[in-house]
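A closer look at the structure
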Amino acid sequence: MNELAKCTCIICGQQKEDGIHIVSEFICDACESEMVRTDVQEEKYHFFIHRMKQIWMKENV
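So, here's what we can say about the structure. Note that the coordinates shown come from a computational prediction; the quantities given were computed from them, not determined experimentally. (Residues numbered from 1 in each chain as written. Predicted model: local features only at pLDDT ≥ 70, side-chain atom pairs only at ≥ 80, totals over all residues. Heavy atoms only, no water.)

With that settled, the discussion passes to the packing of aromatic side chains. For the structure shown, the criterion picks out one aromatic pair. For the ring pair Phe47 and Phe48, a centre distance of 5.8 Å and an interplane angle of 55° mean the geometry is tilted. A residue is classified by how much of its surface remains accessible, and Phe47, at 37% relative accessible area, is partly exposed. According to the relative accessible area criterion, Phe48 is buried, its value standing at 5%. (Phe/Tyr/Trp six-rings, centres within 6.5 Å; stacked < 30°, edge-to-face > 60°. Buried < 20%, exposed > 50% of the residue type's maximum accessible area, 1.4 Å probe, protein only.)

On inspection of all chains with the given rule, the structure shows one salt bridge. Where Lys44 meets Glu34, a salt bridge forms, and the shortest distance between an N and an O atom there is 3.7 Å. Highlighted residues: Lys44 in helix 2 (residues 43-59) and Glu34 in helix 1 (residues 29-37), separated in sequence by ten residues. (Salt bridge = Lys/Arg side-chain N within 4 Å of Asp/Glu carboxyl O. Helix = DSSP H or I, 4+ residues; strand = E, 2+ residues; numbered from the N terminus.)

Core analysis: the largest hydrophobic core is formed by ten residues, namely Cys9, Ile10, Ile11, Phe26, Ile27, Cys28, Cys31, Phe48, Met52 and Ile55. Counting only elements with at least two residues in this core, the list comes to strand 4 (25-28) and helix 2. Here Met52 is in contact with Ile11, Ile22, Ile27 and Met35, once residues within four sequence places are set aside. (Core = buried A, V, L, I, M, F, W, Y, C linked by side-chain atoms within 4.5 Å. Contact = heavy atoms within 4.5 Å.)

Geometric descriptors of this kind do not, in isolation, establish any biological role.
Given below as structure tokens:
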């Protein structure tokens, strides 16, 4: 039986099987879903932006 590889989500830090890969990083389905529902006025929005910046910072090093 072929199991799906688990990846560590850059947002929540948990190991998950389902999600998306952006450049060399992974975002799980749960975090992606929460991110798209979060209003820019919410405190959590700034958290998501901070975590997403890591993707671009790692690529520019």
